[in-house]
Amino acid sequence: MAAPTRRAWLAAGTATLAAWAATGCGFQLRRPPRLPFGTLCIVGFKPTSAMGVAVRRALVYAPDTRLVADPNQAEAVLEVLGDAEERSVVAFTSAGQVREVQLRQRLNFRLVTPQGRELIPRTEILQVRDMSYNERDALAKEQEEQLLNRAMQDDIALQVMRRLAAVEV
């Protein structure tokens, strides 16, 4: 076996220095925000709501906050006033075929205490994505639409988390 070359020693030293520098810079993975209440109840989502699943999934990872079913046992109640998934055609070809569609995810909510004090007034979060469309690729475009809707739902759920974390109880 050949002795390590100067280049090998230099590469090993550089890698060690980079690892040492990364640990000293304060780098941390993103964590879910801490919510200012210990228990939270979510009311208003339809049982089959994909947005409801995304919001609950985001809230499950909140440290020190537990989801409860009864609003009277919660420190705060997230009231969902509306949740909509919309799709509209925005462009056609000269032959009248669909060329582009616009996808929208909309969530209206407010945060109140069980006694009725409003912590977050009625708020709407809207996500919009434009998607090209071609009849030949209908199956692939359907899958792309599902992925875009899921991404918008996750984005909205994270925005809800940040707004809940900013509440002063």
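Residues numbered from 1 in each chain as written. Predicted model: local features only at pLDDT ≥ 70, side-chain atom pairs only at ≥ 80, totals over all residues. Heavy atoms only, no water.

Enquirer: Looking at this model, I keep getting lost on the sheet that holds strand β2 (residues 66-68). Mind explaining?
Expert: Either a parallel or an antiparallel arrangement is found when strands of a sheet pair, and the pairing is made through backbone hydrogen bonds. Pairing within the open sheet is mixed, and its five strands lie in the order β2-β1-β3-β4-β5. With partners counted over all chains shown, the strands left at the sheet margins are β2 and β5 (118-132), one partner each. Averaged over all pairs of adjacent strands, the angle between strand axes in this sheet comes to 30 degrees, irrespective of strand direction. Here strand β4 (residues 98-112) runs beside β5; their pairing, made up of 12 bridges, is antiparallel. (Pairing = 2+ DSSP bridges. Helix = DSSP H or I, 4+ residues; strand = E, 2+ residues; numbered from the N terminus. Axes fitted to C-alpha atoms, helices over the stretch in contact; angles between N-to-C directions.)

Enquirer: Hey, could you run me through the pattern of salt bridges in this one?
Expert: Two side chains of opposite charge can pair, provided their charged atoms sit close to one another. Counted by the stated rule, this structure contains 11 salt bridges. The partner of Arg-34 in a salt bridge is Asp-64, and the shortest N-O contact between them spans 2.3 Å. Placement of Arg-34 in the loop between α1 (6-24) and β1 (39-43) and of Asp-64 in the loop between α2 (50-60) and β2 is noted, with a sequence separation of 30 residues between them. For the salt bridge of Asp-154 with Arg-150, the shortest nitrogen-to-oxygen distance reads 3.7 Å. (Salt bridge = Lys/Arg side-chain N within 4 Å of Asp/Glu carboxyl O.)

Enquirer: I'm lost on the side chain of Gln-105 in this one. Help?
Expert: Note on placement: Gln-105 falls in strand β4. Residue Gln-105 is classed as buried on the basis of its relative accessible area, which comes to 1%. Excluding its chain neighbours within four sequence positions, the residues that come into contact with Gln-105 are Met-51, Ala-84, Glu-85, Ile-125, Leu-126, Gln-127, Asn-149, Met-152, Gln-153 and Ile-156. (Buried < 20%, exposed > 50% of the residue type's maximum accessible area, 1.4 Å probe, protein only. Contact = heavy atoms within 4.5 Å.)

Enquirer: Just checking my understanding: could you explain the packing of α2 against helix α3 (residues 138-165) for this structure?
Expert: Each pair of packed helices can be summarised by the angle the axes make with each other and by the distance between the axes. Put simply, α2 and α3 touch, their axes get as near as 9 Å, and they point 45 degrees apart. One finds that α2 runs oblique with respect to α3. Crossing angle aside, the handedness with which α2 passes α3 is right-handed. Facing Ala-50, Met-51, Ala-54, Val-55, Arg-57, Ala-58 and Leu-59 of α2, the residues of α3 in contact are Arg-150, Gln-153, Asp-154, Ile-156, Ala-157, Met-161 and Leu-164. Of the residues that constitute the contact of α2 with α3, the class distribution is 10 nonpolar, one polar and three charged. (Parallel < 35°, antiparallel > 145°, perpendicular 65-115°, else oblique. Left-handed = near helix turned anticlockwise from the far one by under 90°. Nonpolar A, V, L, I, M, F, W, Y, C, P; charged D, E, K, R; others polar.)

Enquirer: What am I meant to see in unusual backbone geometry here?
Expert: Glycine aside, residues mostly have negative phi angles, and peptide bonds mostly take the trans form. Phi is positive for Asp-64, close to 65 degrees, though the residue is something other than glycine. A residue is classified by how much of its surface remains accessible, and Asp-64, at 63% relative accessible area, is exposed.

Enquirer: Teacher, can you tell me more about the packing of aromatic side chains here?
Expert: Geometry of an aromatic ring pair is reported as the spacing of the ring centres plus the angle between the planes. Going through the model one piece at a time under the given rule, you end up with zero aromatic pairs. In this structure, Arg-87 is placed above the aromatic ring of Tyr-133, and the distance from its NZ or CZ to the ring centre is 5.9 Å. (Phe/Tyr/Trp six-rings, centres within 6.5 Å; stacked < 30°, edge-to-face > 60°. Lys NZ or Arg CZ within 6 Å of the ring centre and 35° of its normal.)

Enquirer: Could you clarify how one ought to interpret the nonpolar core in this entry?
Expert: Residues Val-55, Leu-78, Leu-107, Leu-111 and Leu-164 are the most contacted members of the largest nonpolar core, which totals 26 residues. Elements with a minimum of two residues in this core: β1, α2, β3 (76-92), β4, β5 and α3. If near-sequence neighbours (up to four positions away) are discounted, Leu-111 is found in contact with Phe-37, Leu-40, Ala-76, Val-77, Leu-78, Arg-117, Glu-118, Leu-119, Ile-120, Leu-164 and Val-167. The next biggest cluster of nonpolar side chains, apart from the first, holds seven residues, and it includes Val-98, Leu-103, Met-131 and Leu-148. (Core = buried A, V, L, I, M, F, W, Y, C linked by side-chain atoms within 4.5 Å.)

Enquirer: What exactly am I supposed to notice about the side chain of Gln-127 here?
Expert: With respect to the element layout, Gln-127 can be found in strand β5. Residues in contact with Gln-127, not counting those within four places in the same chain, are Leu-103, Arg-104, Gln-105, Met-152, Asp-155, Ile-156 and Gln-159.

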